[in-house]
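The primary structure of each chain is shown beneath.
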Amino acid sequence: MYYKTRGYRIFSAFNYTLLALISISCILPLIHILAVSFSGSGPANANLVKLWPIDFNFEAYMKTLSNENFYNALKMGVQRTVLGTAVGMTLITLAAYAISKDSHGFHSRIYYTWFFIFTMLFSGGIVPAYILIREIGLMNSIWALILPVAVNVFNMVLLMNFFRTVPREMEEAALMDGSGHFRTLWSIYLPISMPAIATISLFTMVFHWNSWFDGLLYITDYRKYPLSTFLQTVIVQQDFNKVNPDVTQLKNISQRTVKSAQIFIGTLPILLVYPFLQRYFVKGIVLGAIKE
Amino acid sequence: MPKRREKFERTWPLHVMIWPAAVVTFIFAYLPMAGLVMAFQDFKPHLGVWNSPFVGLEHFRFMFSYPDSKQVIINTLIIAGLKILFGLLVPFIFAIFLNEVRLMLFKRVVQTLVYLPHFISWVILGAILTDMLGSHGIVNQTLTALGLEPIFWLGDGNWFRFTVVVSDIWQNFGFNTIVFLAALAGVNPALYEAAEVDGANRWKQTWYVTIPAMLPITVVVGTLSLGNILNAGFDQIFNLYNPLVYDKGDIIDTFVYRTAILNGQFSFGTAVGMFKSVVGLVLIFVAYRLAYRYAGYRIF
């Protein structure tokens, strides 16, 4: 066999080492930031911390969590994620069920499908979207962060493909027994497609948690910023005029350890759902790509 | 007539199910498309879309004659082009290497780690990179310790482009490997056995079995990514750039945000954004046709 040859063994050793190094490089930045966040502010500011905390303590996390602005933003972030996922999933599940029917029985299907798909190919861009939100009075409303992104057509098509794998006999049997479309969706399609719905919900949650630009565009009152937008303003842009902290808070926020703690708390929800996400997404993506 | 009625009764719940999503899509996707008319106007917020005067193609003419916007288009093409090229090449090679791993546990751990950065937002990654790549950051400390000169990763135009492309590949190569691994999972093991019997060593097997198995999906992914040639990655650039690197790192999307939203030149911003959307649409159609013609790939 080829893998017993000397040449291949040398290659193999090299290959395993390379892959291990590359994999580690994918999490080193996170480990570095984690180490800084648990370090004393002295060694952190002097750039002494590498991958392990120096003067281990929780001070940065205490300061972060007692910062009222951060706490507000965290609350807004959670709110937008929960509400956004609930609204989005409801809309796309209903629509995906309808467009999963074949055009034989549902002639309008093709028009609806193209109506949705065209929005994936073309958009008006951010300026008209911004003017629209201003004109319809959604500025500073949480709905400005939820409604424009509620109908994710890619996810809708993915879900439609899953719905199409449901055996037609089951649906026909339900129809025979006098079940309407809503009942069929609720009692047959949803239970069968639970893994797909769970995956797409997780994706939607991650999307909402990570979204920051719409907050910057549509929210002008910093107290209503979701966490990602807050972090963008305070840590990346370092624009303290907007968030208006008092002097002691400003000192706290600009400390390197506190910044790192905020970054890590912002990442934590993603790390927590990632194992569940990973279990499904490979299957989901592959299925979505292979089926037409 | 009765038949028509019967059909309606069967399908009306389906229409009801679609309407909420359709209305939301109409308002938040189609109304902004209608708003593109601003690109041909001199839009003033107090006059609104209905009363602002029309100026024809004035903004488009200005876009192609104003040095800043020309430079922005060039920057976008360079950065997006490099991302597309290496974004295809790196996962392709990585998949081949990963395919040689026979320890399943090792393979799974590698996959878990390399997919992770894809799910972390550029706010977080931007904050981390700014910290690590700063003049006293951990990267420059390491360079100095090795006796090398520190590098202004985010302060020098050319290094900025380099950093942007490399960090984008770093974030996404793992995730983009998935489609290639899926293609490889579908290879019939008998092909390798036959090659082995014919005396092909592993290198020959890779060249004649593994790589040909990946080519169709590579062509598809490659052609489809052409649609992104004006998409240089707003989230990433916006969280990494600063005025020092505007000349080489400013891209269409960041430029539109600054001119339109921050400086209030709404019509000009709309025109630049529209140029990007239209080129993107045309390229997607061309790419779909190419992918269909040469790889037999259909999405719809």
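Computed from a predicted structure; not experimentally measured.

S.K.: What is the right way to look at helix α10 (residues 202-225) of chain B in this model?
M.R.: Because each turn of an α-helix spans 3.6 residues, side chains separated by three or four positions in sequence point in the same direction. The axis of α10 of chain B is deflected most strongly, by about 35 degrees, at I211 of chain B, and proline P212 of chain B appears within four residues downstream. Along α10 of chain B, the positions that sit buried rather than exposed are R202, Q205, T206, V209, T210, I211, M214, T218, V220, G222, T223 and S225 of chain B. In this structure, the buried side of α10 of chain B is in contact with α1 (6-37) of chain A together with α4 (67-99), α8 (157-185), α9 (189-197) and α14 (266-295) of chain B.

S.K.: Would you mind showing me how to read the environment of A21 of chain B here?
M.R.: Within the element layout of this structure, A21 of chain B appears in helix α1 (residues 2-34). If we skip the residues at most four places from it in the chain, A21 of chain B touches L91, A95, F116, V151 and M156 of chain A.

S.K.: Explain the domain arrangement of chain B to me, please; I cannot follow it from the model alone.
M.R.: One frequent convention defines the size of an interface as the accessible area lost when the parts assemble. Residues and elements named next belong to chain B. Per the domain assignment, the segments making up chain B are domain 1 (1-40) and domain 2 (57-295). Here the C-alpha centroids of domain 1 and domain 2 sit 36 Å apart. Domain 1 puts five residues into the contact, and the matching count from domain 2 is eight residues. Across the domain 1/domain 2 interface, buried area totals approximately 550 Å², and carbon plus sulfur atoms make up 78% of it. The largest share of the area that domain 1 buries against domain 2 comes from M38, A39 and F40, three residues that together contribute 78% of it. Here domain 1 is connected to domain 2 by zero salt bridges. Linking domain 1 with domain 2 are one residue pair in polar contact (both at pLDDT 80 or more), by the criterion used here. Looking at the side of domain 1 that touches domain 2, its residues break down into four nonpolar, one polar and no charged.

Calculation rules
- Residues numbered from 1 in each chain as written.
- Chains lettered and ligands numbered in written order.
- Predicted model: local features only at pLDDT ≥ 70, side-chain atom pairs only at ≥ 80, totals over all residues.
- Heavy atoms only, no water.
- Bend = angle between axes of the 7 residues up to and from the residue.
- Helix = DSSP H or I, 4+ residues; strand = E, 2+ residues; numbered from the N terminus.
- Buried < 20%, exposed > 50% of the residue type's maximum accessible area, 1.4 Å probe, protein only.
- Contact = heavy atoms within 4.5 Å.
- Domains from an automatic or database assignment.
- Buried area = accessible area lost by both parts, 1.4 Å probe.
- Salt bridge = Lys/Arg side-chain N within 4 Å of Asp/Glu carboxyl O.
- Polar contact = N/O pair within 3.5 Å; in protein donor to acceptor, adjacent residues only side chain to side chain.
- Nonpolar A, V, L, I, M, F, W, Y, C, P; charged D, E, K, R; others polar.

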